[in-house]
Amino acid sequence: MRELPLWRRFLPLTLLLTAAGASFLRAFGIPEVANAIAFPMNLAVLVLALKEIRGQRHRHEAGRPAQ
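Residues numbered from 1 in each chain as written. Predicted model: local features only at pLDDT ≥ 70, side-chain atom pairs only at ≥ 80, totals over all residues. Heavy atoms only, no water.

### Notes on the overall build of the protein chain
Worth spelling out the cut-off: Strands are runs of DSSP state E lasting at least two residues, helices are runs of H or I lasting at least four, and both sets are numbered from the N terminus onward. Any residue under 20% of the maximum accessible area for its type is buried, any over 50% is exposed, and the rest in between are partly exposed; the area is computed with a 1.4 Å probe on protein chains only. We call two residues in contact whenever any of their non-hydrogen atoms come within 4.5 Å of each other.
For the protein chain, the count of helices and strands is 2 helices and 0 strands. Seen through its principal axes, the protein chain has C-alpha atoms that stretch 60 × 20 × 10 Å. A buried classification covers 18% of the 67 residues belonging to the protein chain. Across the protein chain, contacts joining residues at least 24 apart in sequence account for 52% of those joining residues at least 6 apart.

In structure tokens:
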């Protein structure tokens, strides 16, 4: 996926690390933030990563000659 812009390559990682940081707030007694932010961000990471992978597959298949 080298043809993707740099920000699109690192967006899932950034969201995942932010969700991990929000989950870490549970250790400091702030579970409300973790419950409100961490799970939705993890879902967003999953959906975004799957979308990019599927898009890459479609772009790759479109470049192949028909058999």
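### Observations concerning the packing of helix H1 (residues 6–24) against helix H2 (residues 31–63)
Condition: Every axis in this analysis is a line fitted to C-alpha atoms, fitted for helices over the stretch in contact. Angles between the N-to-C directions lie between 0 and 180 degrees. If an angle is under 35 degrees, it is roughly parallel; if it is over 145, roughly antiparallel; if it lies from 65 to 115, roughly perpendicular; otherwise it is oblique. Two helices crossing with the near one rotated counterclockwise from the far one by less than a right angle form a left-handed crossing, whereas a clockwise rotation gives a right-handed crossing. Residues were grouped as follows: Ala, Val, Leu, Ile, Met, Phe, Trp, Tyr, Cys and Pro as nonpolar; Asp, Glu, Lys and Arg as charged; and all remaining residues, including Gly, as polar.
The N-to-C vectors of H1 and H2 enclose an angle of 160 degrees; their axes lie 8 Å apart at closest approach. On the basis of the axis angle, H1 is roughly antiparallel to H2. You can see that H1 and H2 cross each other, and the crossing is left-handed. Counted together, Arg8, Leu11, Pro12, Leu15, Leu16, Thr18, Ala19, Ala22 and Ser23 of H1 and Ala34, Ile37, Ala38, Met41, Asn42, Val45, Leu48 and Glu52 of H2 form the full contact between these two elements. Grouping the constituent residues of the contact of H1 with H2 by class yields 12 nonpolar, 3 polar and 2 charged.

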